[in-house]
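Residues per chain, in single letters:
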Amino acid sequence: MAQNINSAIDPRSGFCRSNSTFYSKRKPIPLAKNDSLDVTTFISSRAHHGKVAFIDAGTGRQLTFSELWLAVDSVATCLSDMGIRKGHVVLLLSPNSIYFPVVCLSVMSLGAIITTTNPLNTAAEIGKQIADSKPVLAFTIPQLLPKLAGSTIPIVLLDDHAISNASQAKIVTTLHQMMKTEPSGSRVRDRVNQDDTATLLYSSGTTGASKGVVSSHRNLIAMVQTVLNRFSLKEEERFICTVPMFHIYGLVAFATGLLASGSTVIVLSKFEMHDMLSTIEKYRATYLPLVPPILVAMVNAADQIRKKYDLSSLHSALSGGAPLSKEVIEGFLDKYPTVKILQGYGLTESTGIGASTDSLEESRKYGTAGMLSPSMEAKIVDPDSGKALTVNQTGELWLRGPSIMKGYFSNPEATASTLDSEGWLKTGDICYIDDDGFIFVVDRLKELIKYKGYQVPPAELEALLLTHPDILDAAVIPFPDKEVGQFPMAYVVRKTGCNLSETAVMDFVARQVAPYKRIRKVAFVSSIPKNPSGKILRKDLIKLATSKL
């Protein structure tokens, strides 16, 4: 059967005529055969000669690989002594830190499940995630304690600062105390299988309700293998951590994947352009992962940047989040001729893996999201008829492979509508695959707004706007912006006789959501265009909003 399929695959596009499936043209990844394996053990057992695992860009504090694995063992021992077992959920609420991976790896080594959340989220938004995932323990920093004030979860602090507030009763210890504990070989260790759940990351769906994405140890191990396979990294490589570790991009690259290569990760606690550039210079960074708005900013300010900073150590920029245009790619290469651009496409639901450009030549297929990652399969499906399409035809991209999630947490309806019985993930992206096997993203079924790499679901903001006493109806759309990619814009129908202002609408939303979700433009209309079934005709509003650009 396999031979029949192989003979029907077009070597140029990867398309198989007999089953309408696109197969990756990249060399398959070697999947771990031992079923009784957790991702922490898999990463720590990789033979490499890397010396420094993490550097804190702000303080210069370093964690060598030997210190890292000793810390992971110590923290896992303490967690076990505290009663943390396989299947328990542990919450990590923290900005980027060299200790972020220590917590993740320790939790997963026990077969417990790590769930992360955005430090910018409000207490109410974090509370929803806690109510859904039911963590038995939380790790956080003193500054973020107020966001957990409404919870009764025991708390471990990521640093040793003295605490003098009402939350202190919930604090059980600090991470540094845990790291000083002697690791115990006799600690309780449940048998962890590759199919057991490792992470529970929350992803915004089309409905605006955030859903927990259940990823297994098998998913994460396949992701690590893909990262190693893609870069063939030399151990002296140094990556700047510019993106949030709570997000799939950050978790994949910096908290797990790159460790297996022996590379060094230099951690910025938050993104700031000057900090990033001076850190590249100071630590002679070689790889710069980023999102398109940072790349655009580097092009626009290139003359000042090159005068002020020595970026000569940098040889690769890794962009994810949205395909780059010809103007951006060539503008960057013109200003930074010694740096090549690589791109990647992935979702939380695919453990950050999907497609990539692995050379500058591939990135110069302008507008592409890349070729399918190793061991990944794809279909292009007509959203209306469900018919699988062929080369150069546009439809919804479906993905199948070893890194595709198990499903959505406690949400069988959402799982069934996103994952079919054969393991195909419906990405919600409208794409086509060309004659050479490159994927091009044309549109989004999911309608998420991409603000600086963050995903903002319009329906969540629309539901919030409708709670305002003076608002009759509302619709939220993505408004294009050179600096941030897109920002939320609201169309609002006011109740008769009221004179609600644009500022009042923006302030109302700003008080209740994280900064990246704020409405930044408002237009008042007499009605919101909808189709016969009541669905907002967002495309009409986008056309209206952008017609004057």
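Note that this is a predicted model, so its numbers are computed, not measured.

A. Inspection of the overall build of the protein at higher detail. Across its full length, the protein carries 17 helices and 28 strands. In terms of overall size, the protein behaves like a compact globule, its C-alpha atoms giving a radius of gyration of 23 Å where 549 residues would be expected to give roughly 24 Å. Over its C-alpha atoms, taken along the principal directions, the protein stretches across nearly 65 × 65 × 55 Å. Considering only contacts within the protein whose residues lie at least 6 apart along the sequence, 66% involve residues at least 24 apart. As displayed, the protein has an accessible area near 23100 Å², and 52% of this comes from carbon and sulfur atoms. Computing the positive centroid from 58 side-chain charges and the negative centroid from 52, the protein places the two 1 Å apart.

B. Region of interest: the environment of His-274. Relative to the assigned elements, His-274 resides in helix α9 (residues 273-283). For His-274, a relative accessible area of 38% corresponds to the partly exposed category. Separated by 31 residues in the primary sequence, His-274 and Ile-305 have C-alpha atoms spaced 9.1 Å apart. When residues no more than four places from it in sequence are discounted, the contact partners of His-274 are Lys-308 and Tyr-309. At a separation of 2.6 Å, a polar atom in the side chain of His-274 contacts the side chain of Tyr-309.

C. Representation of empty space enclosed by the protein within the structure. Tallying each qualifying case throughout the model produces 1 cavity of 30 Å³ or more. Put simply, the largest cavity is a space of about 50 Å³. Taken together, Ser-13, Phe-22, Tyr-23, Ser-24, Lys-25, Met-371, Leu-372, Ile-433 and Gly-437 make up the lining of the largest cavity. Tallied by class, the residues present in the lining of the largest cavity amount to 5 nonpolar, 3 polar and 1 charged.

D. How the structure looks around the nonpolar core. With 172 residues, the main nonpolar core has Phe-139 and Met-298 as its most contacted residues. For this core, the element with the most residues is helix α3 (residues 65-81), which contributes 9 residues. Residues contacting Phe-139, with those up to four places away along its chain left out, are Leu-79, Val-90, Leu-91, Leu-92, Leu-93, Val-103, Val-156, Leu-158, Leu-175 and Met-178. Counting 5 residues, the second-largest nonpolar core is a separate cluster that includes Val-89, Ile-113, Leu-200 and Val-214.

E. Representation of the packing of helix α10 (residues 292-300) against helix α12 (residues 326-335) in the model. The contact between α10 and α12 brings their axes to 9 Å, and the two run at 50°. The pairing of α10 with α12 is recorded here as oblique in orientation. Viewed along their axes, α10 and α12 form a crossing whose handedness is left-handed. On α12, the residues that touch Leu-295, Val-296, Met-298 and Val-299 of α10 are Val-328, Gly-331, Phe-332 and Lys-335.

F. Structural view of unusual backbone geometry. The phi torsion at Arg-284 lies on the positive side, around 55°, for a residue other than glycine. Note that Arg-284 resides in the loop between α9 and β14 (287-290).

G. View of the packing of α3 against helix α4 (residues 100-109). Between α3 and α4, whose axes approach to 8 Å, the crossing angle comes to 55°. By the angle between their axes, α3 is oblique relative to α4. The interaxial crossing formed by α3 with α4 has right-handed handedness. On α4, the residues touching Leu-68, Trp-69, Ala-71, Val-72, Val-75, Ala-76 and Leu-79 of α3 are Val-102, Leu-105, Ser-106, Val-107 and Ser-109. Along the lines of polarity and charge, the residues of the contact of α3 with α4 split into 10 nonpolar, 2 polar and no charged.

H. The layout of surface pockets, seen in detail. Volume-wise, the second largest pocket comes out at about 500 Å³. Residue lining of the second largest pocket: 25 residues in total, with Asp-56, Thr-59, Asn-96, Ser-97 and Ser-269 positioned closest to the centre. Among the elements that take part in the lining of the second largest pocket, α9 stands out by supplying 4 residues, more than any other. A per-class count over the lining of the second largest pocket returns 8 nonpolar, 11 polar and 6 charged.

I. Fine view of the packing of aromatic side chains. By the definition in use, this model includes 7 aromatic pairs. Pairing Phe-239 with Tyr-287 gives two aromatic rings, centres 4.4 Å apart and planes at 5°, and the pair type is stacked. Of the two residues, Phe-239 is situated in strand β12 (residues 238-241) and Tyr-287 in strand β14; the sequence distance between them amounts to 48 residues. Judged by relative accessible area, which is 1%, Phe-239 ranks as buried. Chaining the aromatic ring pairs together yields one cluster made of Phe-246, Tyr-454 and Tyr-516. One Lys or Arg, Lys-211, reaches over the ring of Tyr-408 and ends 4.8 Å from the middle of that ring. The side chain of Lys-521 reaches across the aromatic face of Phe-479, ending 5.2 Å from its centre.

About the thresholds
- Residues numbered from 1 in each chain as written.
- Predicted model: local features only at pLDDT ≥ 70, side-chain atom pairs only at ≥ 80, totals over all residues.
- Heavy atoms only, no water.
- Helix = DSSP H or I, 4+ residues; strand = E, 2+ residues; numbered from the N terminus.
- Rg over C-alpha atoms; globule rule 2.2 N^0.38 Å.
- Contact = heavy atoms within 4.5 Å.
- Areas by Shrake-Rupley, 256 points an atom, 1.4 Å probe, with all protein chains shown as cover.
- Lys, Arg positive; Asp, Glu negative; His and termini not counted.
- Charge placed at Lys NZ, Arg CZ, Asp CG, Glu CD.
- Buried < 20%, exposed > 50% of the residue type's maximum accessible area, 1.4 Å probe, protein only.
- Polar contact = N/O pair within 3.5 Å; in protein donor to acceptor, adjacent residues only side chain to side chain.
- 1 Å grid on protein atoms, 1.4 Å probe; cavity = no way out; pocket = protein on both sides within 12 Å on 5 of 7 lines; lining within 4 Å.
- Points joined across faces, edges and corners; volume = space filled by probe spheres on them.
- Nonpolar A, V, L, I, M, F, W, Y, C, P; charged D, E, K, R; others polar.
- Core = buried A, V, L, I, M, F, W, Y, C linked by side-chain atoms within 4.5 Å.
- Axes fitted to C-alpha atoms, helices over the stretch in contact; angles between N-to-C directions.
- Parallel < 35°, antiparallel > 145°, perpendicular 65-115°, else oblique.
- Left-handed = near helix turned anticlockwise from the far one by under 90°.
- Phe/Tyr/Trp six-rings, centres within 6.5 Å; stacked < 30°, edge-to-face > 60°.
- Lys NZ or Arg CZ within 6 Å of the ring centre and 35° of its normal.

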